[in-house]
Amino acid sequence: MGNRVAREDYEWVYTDQPHADRRKDILAKYPEIKTLMGPDTRLKWIVCMMVIIQFLAFYLVKDLDWKWVLFWTYAFGSCINHSMTLAIHEISHNTAFGNNRAMWNRWFAMFANLPIGLPYSASFKRYHLDHHRYLGGDGIDVDIPTDFEGWFFCTRFRKFVWIILQPLFYAIRPLCINPKPITGLELANVAVQLSFNVALYWLCGAKPVVYMMAGSLLGMGLHPISGHFIAEHYMFLKGHETYSYYGSLNLLTFNVGYHNEHHDFPSIPGRRLPMVKKIASEFYDDLPHYTSWVKVLFDFIMDDQLSPYSRVKRRLKGDVKQE
């Protein structure tokens, strides 16, 4: 468990990200894919159902023994809360109400944020769109680990700890790489979430609050669904910076596994991404992909060639317009 990773720096490239060119080629051959763009009318109802399920879970766990609170936190709450973060990812692309009702999407994302306990939906929107526009951009894309992460988490055991601490690093990384002024929506997100957390504690006690907060932290740490954090952009094969996953956990994650398809067409809701792959199959079938996020996590930890440094990075040229 003490072998050091061979990498000592990112994979620096001097080419543009591949998604814009592939999108152009696909639309030239299959213009009907444009009909898949636009809001997903089912999304808001699915999100409302998931929020209600968690509200019911808060009520059910309030009288359980602590051992059962912790069991259901990991076995159930962590899955739902991680899925809710990916619902917020969907909403950040305006797929709940469409581009013409952008603010409806912002406020709905705050509603989806409630069972997660940590106010992040407003900030996520700002940084995630930069991730799409400037994939791997030095000083812009906060999905890229910091130099400290690449330097320190360089053994199998340290990579294991790093995966457990993923929520921490996703929270502090923007402050280190690309801090932005706080907006009114972010303040509103914090106010709404803290008010909800206090009300939950006042009405139901500490156990539902622990179930909620710990579920979010555990669900985004050492958890099968968290394999998508590594699977999406870590360079398991040289020359490939985005990877798709075609396994069953897509059913719980709004098809976030269709990640090449998502970066090619970020305005297409997750529910329709399998249709993109089906229509333009020759563009995707030969790309490397995964069928198990658990195996992704295991391989990342055990492979001494892989580390937080295993990311494609590029220095941006020209004007950079951030959210």
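Fair warning: this is a prediction, and the values are worked out from it, not measured in the lab.

How would you sum up the pattern of salt bridges? Please name residues and give values.
Side-chain pairs of opposite charge can arise where the charged atoms are in close proximity. All told, the structure shown has 15 salt bridges when counted by the stated rule. Where Arg7 meets Glu11, a salt bridge forms, and the shortest distance between an N and an O atom there is 3.2 Å. Arg311 is the salt-bridge partner of Asp143, the closest N and O atoms lying 2.9 Å from each other. Of this pair, Asp143 sits in the loop between helix H5 (121-133) and helix H6 (147-152) while Arg311 sits in the loop between helix H15 (293-302) and strand E4 (312-313), and the two are 168 residues apart along the sequence. Each of the salt bridges in this network shares a partner with another, and the network as a whole consists of Arg7, Glu11 and Lys238.

Quick one: what's the story with the UniProt feature "domain: Sphingolipid delta4-desaturase N-terminal" (unreviewed entry) in the protein, residue by residue and with numbers?
Per the UniProt record, "domain: Sphingolipid delta4-desaturase N-terminal" (unreviewed entry) is annotated on residues 5-43. End C-alpha atoms of residues 5-43 are separated by 42 Å, and the span's content is 31% helix alongside 5% strand.

A description of the layout of surface pockets should follow, citing residues and the corresponding values.
In this model, the largest pocket occupies a volume close to 1100 Å³. Lining the largest pocket are 40 residues, and of these Tyr120, Phe124, Tyr170, Ala171 and Pro174 lie nearest its centre. Counting residues per element, the ones that place at least two in the lining of the largest pocket are helix H3 (66-92), H5, helix H8 (166-177), helix H9 (184-204) and helix H11 (227-231). Here the lining of the largest pocket takes 9 residues from H8, the largest share from any one element. Counted by class, the lining of the largest pocket contains 23 nonpolar, 10 polar and 7 charged residues.

Just give me the short version of the environment of Arg22, but keep the residues and values in it.
Along the chain, Arg22 turns up in helix H1 (residues 19-29). Since its relative accessible area comes to 14%, Arg22 is described here as buried. The sequence separation of Arg22 and Lys317 amounts to 295 residues, and the corresponding C-alpha distance is 21 Å. Among all residues touching Arg22, those that are not within four sequence positions of it are Asn260, Asp264, Phe283, Tyr284 and Leu287. A polar contact of 2.9 Å, which involves the side chain of Arg22, links it to the side chain of Asn260.

Basis of the calculations
- Residues numbered from 1 in each chain as written.
- Predicted model: local features only at pLDDT ≥ 70, side-chain atom pairs only at ≥ 80, totals over all residues.
- Heavy atoms only, no water.
- Salt bridge = Lys/Arg side-chain N within 4 Å of Asp/Glu carboxyl O.
- Helix = DSSP H or I, 4+ residues; strand = E, 2+ residues; numbered from the N terminus.
- UniProt positions renumbered as here; feature names shortened; annotations may be inferred.
- 1 Å grid on protein atoms, 1.4 Å probe; cavity = no way out; pocket = protein on both sides within 12 Å on 5 of 7 lines; lining within 4 Å.
- Points joined across faces, edges and corners; volume = space filled by probe spheres on them.
- Nonpolar A, V, L, I, M, F, W, Y, C, P; charged D, E, K, R; others polar.
- Buried < 20%, exposed > 50% of the residue type's maximum accessible area, 1.4 Å probe, protein only.
- Contact = heavy atoms within 4.5 Å.
- Polar contact = N/O pair within 3.5 Å; in protein donor to acceptor, adjacent residues only side chain to side chain.

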